[in-house]
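Secondary and tertiary structure notes
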Amino acid sequence: MTGVKLGFFTRLLERAPAADRYWFAAEQARHAEQLGFETVWVAQHHFHADEGGLPSPFVFLSHLAARTTRIRLATGVITLPLENVVRVAEDAIVADLLSGGRLELGLGSGSTPASFAAFGVDPADRAQVYSDGVEQLVAALGGRELSHPENRLYPEGASLLDRVWQATFSAFGGTRAGAPGHGLLLSRTQPRPEGEPDLPLDVLQQPIVDAYLAALPEGIAPRILASRTLVVTDTEAEAEQYLQAAWERYSARPGTGGFFVPADDARTWARRTDTHIGTAGQVIAALAADPIIPQSTEVAFQVHSIDPGHEATLRSLDLIAHEVAPALGWGSTLTGASPVAATAR
């Protein structure tokens, strides 16, 4: 595939109070829009501040809709088994209308077992609950009757059916996303099989892409998002400083914010979490060697698990837009605008 679009992905993990996290993320999204990024993706997490900072994505994206004009607004993802599916459909439709049709609806089954208890869902049942939820959501958006002849969505949501995405770690999930013509969301990293911590990410993700493409109905264009961790810095010293700080935080609480990754030093940890960090010159070669990105329609960059802070995130976005993306031929919509200052608070 050619013409890979650029996205910005955030889990809202600034080391700051929640209100500040939301302000920082909104400023980063505005900055990405000014730089010409196509989409801002926001993750949903419940309860665990070290995994993510946003339990209510549609509320936040509606706020972003009022502060932006062009950038697409995406959920990456809504944890569908923990939601009332009809309410998801209604909230998505309203957010889409408020944004002028800019919503992208990413869905997933969830990955934090402890969160399920509060919603009365057994984590062992999440795959089936998720599949049932996707079916119900599609039916609702398509205008079907909802348990009573008088119950159909208002406002109607049929236009969102072409903007549904599904996240997965498996080839089965690739097929599940492809068969109805949905988009495919690939993670920035994935758990490795036991005893294979250095297995390349593309070995895990290529079967997912293959299954997805094989399942797509004839005539439906593929939509594949590759999420990747990328922090671009002006100097090598800055990169090492951010990486070492992130490694020390992880070492103090291994497995926080995701699955456990065995490593004895910061660079090994970065490699095994598929983290790209360094100057533009350093990261370009590694990204160019990623065989999944050229097969994707969009690549979305996030700073997690480095989480270097707000100013460093803004600068990384600048360097991606002005140095990394042009060198790799990505982001045909980039404006070429000069770096801009964040709005004073």
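Up top is the structure these notes are about.
The rules behind these values
Residues numbered from 1 in each chain as written. Predicted model: local features only at pLDDT ≥ 70, side-chain atom pairs only at ≥ 80, totals over all residues. Heavy atoms only, no water. Helix = DSSP H or I, 4+ residues; strand = E, 2+ residues; numbered from the N terminus. Rg over C-alpha atoms; globule rule 2.2 N^0.38 Å. Areas by Shrake-Rupley, 256 points an atom, 1.4 Å probe, with all protein chains shown as cover. Core = buried A, V, L, I, M, F, W, Y, C linked by side-chain atoms within 4.5 Å. Buried < 20%, exposed > 50% of the residue type's maximum accessible area, 1.4 Å probe, protein only. Expected span 1.5 Å × (residues − 1). Contact = heavy atoms within 4.5 Å. Phe/Tyr/Trp six-rings, centres within 6.5 Å; stacked < 30°, edge-to-face > 60°. Lys NZ or Arg CZ within 6 Å of the ring centre and 35° of its normal. Polar contact = N/O pair within 3.5 Å; in protein donor to acceptor, adjacent residues only side chain to side chain. Salt bridge = Lys/Arg side-chain N within 4 Å of Asp/Glu carboxyl O. Axes fitted to C-alpha atoms, helices over the stretch in contact; angles between N-to-C directions. Parallel < 35°, antiparallel > 145°, perpendicular 65-115°, else oblique. Left-handed = near helix turned anticlockwise from the far one by under 90°. Nonpolar A, V, L, I, M, F, W, Y, C, P; charged D, E, K, R; others polar.

Okay, the overall build of the protein chain next. Along its length, the protein chain carries eleven helices and nine strands. Over its C-alpha trace the protein chain gives a radius of gyration of 19 Å, about what one expects of a compact globule, namely 20 Å for 345 residues. Dimensions of the protein chain along its principal axes, counting C-alpha atoms only, are 65 × 45 × 40 Å. Taken as a whole, the protein chain presents about 14700 Å² of accessible surface, with 54% of it coming from carbon and sulfur.

Among the nonpolar cores identified, the biggest contains 67 residues, and Phe37, Leu105, Leu107, Leu141, Leu287 and Trp330 are the most heavily contacted of them. Ranked by residue count, the leading element in this core is helix α11 (residues 310–328), at seven residues. Core analysis: the next-biggest nonpolar cluster, separate from the first, contains 16 residues, Tyr242, Val261, Ala263 and Trp269 among them.

What follows is about helix α5 (residues 126–141). Taking 1.5 Å per residue, 16 residues should reach 22 Å; α5 reaches 22 Å between its end C-alpha atoms and fits that length. For α5, the complete set of buried residues consists of Tyr130, Gly133, Val134, Leu137, Ala139, Ala140 and Leu141. The inward-facing, buried residues of α5 abut α3 (85–98), β4 (103–108), β5 (164–167) and α6 (171–178). Just downstream of α5 lies glycine 143, where phi reads positive at about 90°.

Take the packing of aromatic side chains next. Considering all chains together, one arrives at eight aromatic pairs under this definition. When the ring of tyrosine 22 is compared with that of phenylalanine 60, the centres are 6.2 Å apart and the planes differ by 45°; the resulting orientation is tilted. You can see tyrosine 22 sitting in helix α1 (residues 18–35) and its partner phenylalanine 60 sitting in helix α2 (residues 57–67), a full 38 residues away along the chain. Take tyrosine 22: its relative accessible area is 27%, and that puts it in the partly exposed class. Taking the centre distance of 5.9 Å and the plane angle of 40° together, the rings of phenylalanine 47 and phenylalanine 119 count as tilted. With phenylalanine 47 in the loop between β2 (39–42) and α2 and phenylalanine 119 in the loop between α4 (113–116) and α5, this residue pair connects regions lying 72 residues apart in the sequence. Residue class for phenylalanine 119 comes out partly exposed when judged on its relative accessible area of 33%. The ring of tryptophan 165 has arginine 223 lying over it, and the distance from NZ or CZ to the ring centre is 4.9 Å.

Quick look at unusual backbone geometry now. In this structure, valine 77 follows glycine 76 across a cis peptide bond, with omega equal to 15°. Of note, the bond from histidine 304 into serine 305 is cis; its omega dihedral lies within 30 degrees of zero at 15°. In this structure, serine 305 sits in the loop between β9 (298–302) and α11. Phi is positive for leucine 12, which is not a glycine, with a value near 55°. Along the polypeptide, leucine 12 turns up in the loop between β1 (5–10) and α1. Even without being a glycine, serine 147 presents a positive backbone phi close to 70°. On the secondary structure map, serine 147 appears in the loop between α5 and β5. Relative accessible area serves as the criterion here: at 81%, serine 147 is assigned to the exposed category.

Now for the side chain of threonine 168. Inspection of the secondary structure puts threonine 168 in the loop between β5 and α6. At a separation of 3.0 Å, a polar atom in the side chain of threonine 168 contacts the main-chain amide nitrogen of serine 170. The residues contacting threonine 168, other than those within four sequence positions of it, are Gly173, Gly174, Arg176, Leu184, Leu185, Gln190 and Ile208.

Now for the pattern of salt bridges. Pairing is possible between side chains of opposite charge, provided their charged atoms come close. Taken as a whole and judged by the stated rule, the model has 13 salt bridges. Among the ionic pairs, arginine 67 bridges to glutamate 27, the shortest N-O distance being 2.8 Å. A residue pair is termed long-range when its members are at least 10 positions apart, and arginine 67 in helix α2 and glutamate 27 in helix α1 qualify at 40 residues. Taking relative accessible area as the criterion, glutamate 27 reaches 2% and is therefore assigned buried. Residues arginine 315 and aspartate 318 are paired through a salt bridge, measuring 3.9 Å at the closest nitrogen-oxygen approach. With arginine 315 and aspartate 318 both in helix α11 and three residues apart, this pair spans about one turn of that helix. A single salt-bridge network, built from bridges that share partners, covers Glu27, Arg30 and Arg67.

What follows concerns the side chain of glutamine 28. Tracing the sequence through the fold places glutamine 28 in helix α1. Within the local environment of glutamine 28, its side chain forms a polar contact with the side chain of histidine 310, the two groups lying 3.0 Å apart. If near-sequence neighbours (up to four positions away) are discounted, glutamine 28 is found in contact with Phe8, Thr10, Glu14, His310, Thr313, Leu314 and Leu317.

Right, let's talk about the packing of α1 against α2 for a bit. Taken N-terminus to C-terminus, the directions of α1 and α2 make an angle of 45°; their axes are 10 Å apart at the nearest point. As judged from the angle between their axes, α1 and α2 are oblique. Considering only the axes of α1 and α2, their crossing is right-handed. Across the interface between the two elements, Tyr22, Ala25, Ala26, Glu27, Ala29 and Arg30 of α1 pack against Phe60, His63, Leu64 and Arg67 of α2. For the contact of α1 with α2, a count of residues per class yields six nonpolar, one polar and three charged.

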